[in-house]
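Results of the structural survey
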Amino acid sequence: MRPSRRAPDELRPVSLERGVVKYAEGSCLVKFGDTHVLVTATLEDRLPPWLKGQGRGWVTAEYGMLPRATLERTRREASSGKQTGRTVEIQRLIGRSLRTAIDLEALGERQITVDCDVLQADGGTRTASITGAWVALADCIKWMKTRNMIKTEVLRANVAAISCGIYNGTPVLDLDYAEDSEAETDANFVMTGDGRIIEVQGTAEKTPFTEAEFLALMALARKGVTRLVDLQKMAIA
């Protein structure tokens, strides 16, 4: 039995609320159960120096957790003067994932910066961030279209992410913190709406996992991503 009493293939309650920030070109408040992330997408007429003059744009991401997103207060990274390795790894993952969904040439010489701020953490903050970031990105591109800033289709695919793991010997979908902290194996899957794989992160925490167990986790992830993409489509409809 899972701590949440969910079925092995059951997601936590998921919501994607658009337009929650007045000034951002795109925004989404994403909730995976008790994990809540505020995502904003900002359009900027600037590029990294190494991209200038190449006729294409860029999508990048920043990620952070508020001090009381967790049970005990976490010191702000700004106060220590540097980001942790975990933060850098997660924001690079978010940026890579979103760029697969975008025609960068169609975007033009512009940059979209996606900020993912974790308001409350209960496991799966990176997967929630990616799923909500796609919605904020879609709204940013829609904002550009209404102002005739782009002429062709920029978004190429939906992108969503979900965690899976082996908990008490059973492959389960969408781990909360209670499961993640005790799982024998945990993994994150980032996929497109048509089931193509963008990135897989999988780690044996206690016992090495078999190929059959990995395939079971992937099958769960495909189910979860399919449901998340349906929610994304409903959110932006």
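The notes below deal with the structure included here.

Each value, and the rule that gives it
- Residues numbered from 1 in each chain as written.
- Predicted model: local features only at pLDDT ≥ 70, side-chain atom pairs only at ≥ 80, totals over all residues.
- Heavy atoms only, no water.
- Buried < 20%, exposed > 50% of the residue type's maximum accessible area, 1.4 Å probe, protein only.
- Helix = DSSP H or I, 4+ residues; strand = E, 2+ residues; numbered from the N terminus.
- Pairing = 2+ DSSP bridges.
- Contact = heavy atoms within 4.5 Å.
- Salt bridge = Lys/Arg side-chain N within 4 Å of Asp/Glu carboxyl O.
- Phe/Tyr/Trp six-rings, centres within 6.5 Å; stacked < 30°, edge-to-face > 60°.
- Axes fitted to C-alpha atoms, helices over the stretch in contact; angles between N-to-C directions.

As a further point, take the pairing of strand S3 (residues 35-44). One face of the sheet, then the other: side chains in a regular strand alternate in exactly this way. Extensive coverage of S3 is indicated by the burial of seven of its ten residues. Where strand S2 (residues 26-32) lies against S3, seven bridges are found, and the strand directions are antiparallel. Paired with Leu29 across the bridge in S3 is Leu38.

Okay, the environment of Gln91 next. Tracing the sequence through the fold places Gln91 in helix H2 (residues 85-99). Take Gln91: its relative accessible area is 12%, and that puts it in the buried class. Each C-alpha atom of the pair Gln91 and Val114 lies 9.3 Å from the other, and the pair is 23 residues apart in sequence. Excluding its chain neighbours within four sequence positions, the residues that come into contact with Gln91 are Ala61, Glu62, Tyr63 and Gln83.

Here the focus is the pattern of salt bridges. Overall, the coordinates contain 14 salt bridges when judged by the stated rule. Between Asp174 and Arg12 there is a salt bridge whose closest N-O contact spans 2.9 Å. Of this pair, Asp174 sits in the loop between strand S7 (170-173) and helix H5 (177-180) while Arg12 sits in the segment before strand S1 (14-18), placing them 162 residues apart in sequence. Comparing Asp174 with Arg12, the two get one shared label, buried. A salt bridge links Arg96 to Glu199; the nearest nitrogen and oxygen atoms lie 2.8 Å apart. With a gap of 103 residues between them, Arg96 in helix H2 and Glu199 in strand S9 (residues 197-204) connect regions that are remote in the sequence.

Turning our eyes to something else, we now look at the packing of aromatic side chains. Across all of its chains, the model carries two aromatic pairs by this definition. Taking the centre distance of 5.0 Å and the plane angle of 85° together, the rings of Trp50 and Trp58 count as edge-to-face. On the numbers, 6.2 Å between centres and 35° between planes, the contact of Phe189 with Phe214 is tilted. You can see Phe189 sitting in strand S8 (residues 185-192) and its partner Phe214 sitting in helix H6 (residues 211-236), a full 25 residues away along the chain. Judged by its relative accessible area of 0%, Phe189 is buried.

Strand order across the open sheet formed by four strands is S7-S6-S8-S9, with antiparallel pairing between neighbours. Pairing within the sheet leaves two strands with one partner each, and these edge strands are S7 and S9. Neighbouring strand axes in the sheet, compared pairwise and without regard to direction, differ in orientation by 15° on average. Pairing between strand S6 (residues 159-167) and S7: four bridges, direction antiparallel. Bridge assignment links Tyr167 to a residue of S7, and that residue is Thr170. H6 contacts S6, S7, S8 and S9 of the sheet and is inclined by roughly 145° relative to S6.

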